[in-house]
Amino acid sequence: MTLEALVFPENASDKTVSYSSSDKTVAKVNESGVVTAVSRGTATITAKTTDGGYTDTCDITVEQRVTGVSVSPTNSTLVLGDSDTSNDSISLTATVSPSNANNQDITWKSSDPSVATVDESGVVTAQKAGTATITATSVDGGFEDTCSVTVEQRASGVTLYSASQTLILGDSDTDNDTVTLTATVSPDDATDKTVSYSSSDKTVATVDQTGVVTAVSRGTATITATTTDGGYTDTCDITVEQRVTGVSVSPATSTLILGDSDTSNDSVSLSAVVSPSNANEQSISWSSSDSSIATVDTFGVVTAQKAGKARIIATTIDGGSQDICYVIVEQRASGVALSLHSHTLVLGDSDIENDTVALTGLVSPGDATDQTVAYSSSDETVATVDETGVVTAVSKGSATVMVTTTDGGYTDACVITVKQGVTSVSVSPAMSTLVLGDDDTKNDTVSLSAEITPSNANDQTVTWISSDSSVATVDGTGKVTAVGAGSATITAMADGKMATCAVTVKAVNSGDDDDADDEDYMIPTTTSMAIITPTDSGNAESVSDTGDETLKSTPAPEAVIITIVVADLPEGTTAIKLLDGTVIELDGSDTIDIKVDAEQLSDDGSLELIAMDDEGTVLGIYTAAAEGQNIAITNTDSTHGGGLMILLWIIIGVLGAGGIGLAVYLILKKKR
């Protein structure tokens, strides 16, 4: 600062003054009055006039301002929660610069009083874990310095969130193979919350340093969490359960047998092995797919009930794993019975169905596993039997057909009687002429003989029938006796087969000769019977046995094709017989074409036919009237000798005597 000295009076000649300092270590002054502070203190500056030595003074006070502040220590760590309370606080020192600064006052402040507080003396007290900056500020000048304070909270304990846990191996849920344990260090603000983990049995469960526990095998283990700070511990008991992963049944297949003498094979004991062997739950439940065939108890004992197949199922209580034993129950045969125990077969008749019979060997019981049988004949020259039981007649006689079971060799028998039917019968002579009224009585009768084929036919009985007993009669021995002029057919019947003799009776008046008979009743003088058979082309051609005369073949007349609608025939019709003896079997078609010679048609173009069933029974006699190539079926008019016509048709149909029947029919038709 500059001091100014005023010399009085104002008009003084010499206004020069000199300056001096009482303490130049505090302040000094130059000749111009400029005072310069040197250090804190007080000094008196004296101004002295040159003229007269007058003086005046100025008290100079030099004050020292603060230039800085320094806090010690600059870093400090306080600790809470341990047994040493001395480290809960610290006294900081703030040093003002320069040391001689007038104002040494300091203010203290904490950046986070929740962590650490500081009083006016600089004493810092920890409050909780954390960091805080303690700032010292000079009142003079506001200079600052700081101390970084760290407050550490010591751990006081640790807690695992669970005291026990169960882990499961072997099931489909892999999440329960592990568990993560969380260790909570107390207090919450503990500075060091690190923990370490350990397992009491690593063969049961392991644990990593993040607390993840992994199951290894069935058993128990203790997991321990230990704090780094203080070594506090807590534990969790780990139980590892082993789930069932599978089951195996032994034996895998079994065959049980019922019906034999060995009862040990009526049942079988199954065993079920659970996997893995250390699984906690070893229990098994048993069931049968069909208890009517085989049952199973709680111990796995399977008992046969009847023949068949069943699956025995073992199911684990834990997890429901299954395995199967396939059980076959066989039923032994206990006998066999044939469907027939006696039967008669017939050879040589028209019914070929009775040439054979099908026997069935019924094995008992009905559920016997092996139902196969073998058949045999005691005499294959009489009857044979095939592997299916079909018996076929071979020759007349008797044979025993045996059935034998494959299982057990049980047998049964059927007595087969084979009868020989008549295959044909022939009459000799085939034609005969008797004469009445002459003197020779020998020609009033004729003895016919019937020959049965084969000679060993069972039924050798011959029945004789006359078609007209007013013309000729016949007795049981085949003796024919003339009764009146005319013609009659003598029929010999044996076992359904027939043959005929055409008999002509001539009546001789007194004095007349032998040819006075009505020529209309003359039978063609042939000594053979004509058999009419259809040709491949549908025409009828005549084939005759050799005799005194032979029917000569004539050129075939013009053929006519007539179509018959089968639906117009009587129900049950299986064949049609024409006048010439030709038999046409129906083949299931809706229509049937008949090819005949035009000469076979009546003058009105109609064709007479007979409808028969499969037994040869006449179902009706019809006239088929030709309309183009179609036929209208109508019943034969019985008003024109219809009764006689029906009789003749029956004779023709039954005897099949085409030639004789045709001749008789034509003669009678001509007379009509």
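So, here is what we can say about the structure in this document. (Residues numbered from 1 in each chain as written. Predicted model: local features only at pLDDT ≥ 70, side-chain atom pairs only at ≥ 80, totals over all residues. Heavy atoms only, no water.)

Considerations on the overall build of the protein chain
Line of reasoning, step 1. Tallying secondary structure elements over the protein chain gives two helices and 59 strands in all.
Line of reasoning, step 2. Put simply, the protein chain has 672 residues, and 38% of those count as buried.
Line of reasoning, step 3. Counting contacts in the protein chain only where the partners sit at least 6 residues apart, residues at least 24 apart contribute 55% of the total.
Line of reasoning, step 4. Split by element, the accessible area of the protein chain, about 35,000 Å² in all, is 48% carbon and sulfur. (Helix = DSSP H or I, 4+ residues; strand = E, 2+ residues; numbered from the N terminus. Buried < 20%, exposed > 50% of the residue type's maximum accessible area, 1.4 Å probe, protein only. Contact = heavy atoms within 4.5 Å. Areas by Shrake-Rupley, 256 points an atom, 1.4 Å probe, with all protein chains shown as cover.)

As for the sheet that holds strand E5 (residues 55-62)
Line of reasoning, step 1. Across the sheet, three strands lie side by side as E1-E4-E5; this open sheet has antiparallel pairing. In the strand order of this sheet, the two ends are held by strand E1 (17-21) and E5, each with one partner. Averaged over all neighbouring strand pairs, the angle between strand axes comes to 20 degrees, with direction disregarded.
Line of reasoning, step 2. Bridge count for strand E4 (residues 41-49) against E5 is eight bridges, and the pairing is antiparallel. Bridge assignment links Ala43 to a residue of E5, and that residue is Ile60. (Pairing = 2+ DSSP bridges. Axes fitted to C-alpha atoms, helices over the stretch in contact; angles between N-to-C directions.)

Brief notes about the sheet that holds strand E17 (residues 178-180)
Line of reasoning, step 1. Spatially, three strands are ordered E17-E21-E20 in an open sheet, and the strand pairing comes out antiparallel. On the outer flanks of this sheet lie E17 and strand E20 (205-207), each paired with one strand and no other. Adjacent strand axes in the sheet meet at a mean angle of 20 degrees when their direction is disregarded.
Line of reasoning, step 2. Of the pairings in the sheet, the one linking E20 to strand E21 (residues 212-215) comprises three bridges and is antiparallel in character. The residue of E21 that forms the bridge with Val207 is Val213.

Here we look at unusual backbone geometry
Line of reasoning, step 1. In this structure, Pro73 follows Ser72 across a cis peptide bond, with omega equal to -10 degrees.
Line of reasoning, step 2. You can see Pro73 is positioned in the loop between strand E6 (68-72) and strand E7 (75-80).
Line of reasoning, step 3. In the segment running from Ser364 into Pro365, the intervening peptide bond is cis, with an omega of -5 degrees.
Line of reasoning, step 4. On the secondary structure map, Pro365 appears in the loop between strand E36 (361-364) and strand E37 (373-377).
Line of reasoning, step 5. Of note in the backbone geometry, Asp495 takes a positive phi value of approximately 50 degrees without being a glycine.

Comments concerning the side chain of Gln331
Line of reasoning, step 1. Along the chain, the position of Gln331 falls in strand E32 (residues 322-331).
Line of reasoning, step 2. You can call Gln331 buried: its relative accessible area is 11%.

As for the environment of Ala155
Line of reasoning, step 1. Here Ala155 is to be found in the loop between strand E14 (144-153) and strand E15 (157-160).
Line of reasoning, step 2. You can call Ala155 buried: its relative accessible area is 3%.
Line of reasoning, step 3. Other than its neighbours up to four places away in sequence, Ala155 contacts Val185, Ser186, Pro187, Ala190, Asp192, Asp229 and Tyr232.

Overview of the pairing of strand E46 (residues 463-466)
Line of reasoning, step 1. Only one face of E46 is covered, namely the one carrying Trp464 and Ser466; the face carrying Thr463 and Ile465 has none of its residues buried.
Line of reasoning, step 2. Relative to strand E49 (residues 486-494), E46 runs antiparallel, the two being bridged by four bridges. For Thr463, the partnering residue across the bridge sits in E49 and is Met493.

What about the environment of Ser97?
Line of reasoning, step 1. Tracing the backbone through its elements, the reader meets Ser97 in strand E9 (residues 93-97).
Line of reasoning, step 2. Residues Ser97 and Val69 lie 28 residues apart in sequence; the distance between their C-alpha atoms is 5.7 Å.
Line of reasoning, step 3. Once residues within four sequence positions are removed from consideration, Ser97 is found in contact with Arg65, Val66, Thr67 and Gly68.

Side note on the pattern of salt bridges
Line of reasoning, step 1. Tallied over the entire structure, the rule returns five salt bridges.
Line of reasoning, step 2. For Glu152, the salt bridge is made with Arg154, and the minimal N-O distance between the two is 3.1 Å.
Line of reasoning, step 3. Given a relative accessible area of 26%, Arg154 falls into the partly exposed group.
Line of reasoning, step 4. Its salt-bridge partner being Arg243, residue Asp318 comes within 3.7 Å of it at the nearest N-O pair. You can see Asp318 sitting in the loop between strand E31 (308-316) and E32 and its partner Arg243 sitting in the loop between strand E23 (233-242) and strand E24 (246-250), a full 75 residues away along the chain. (Salt bridge = Lys/Arg side-chain N within 4 Å of Asp/Glu carboxyl O.)

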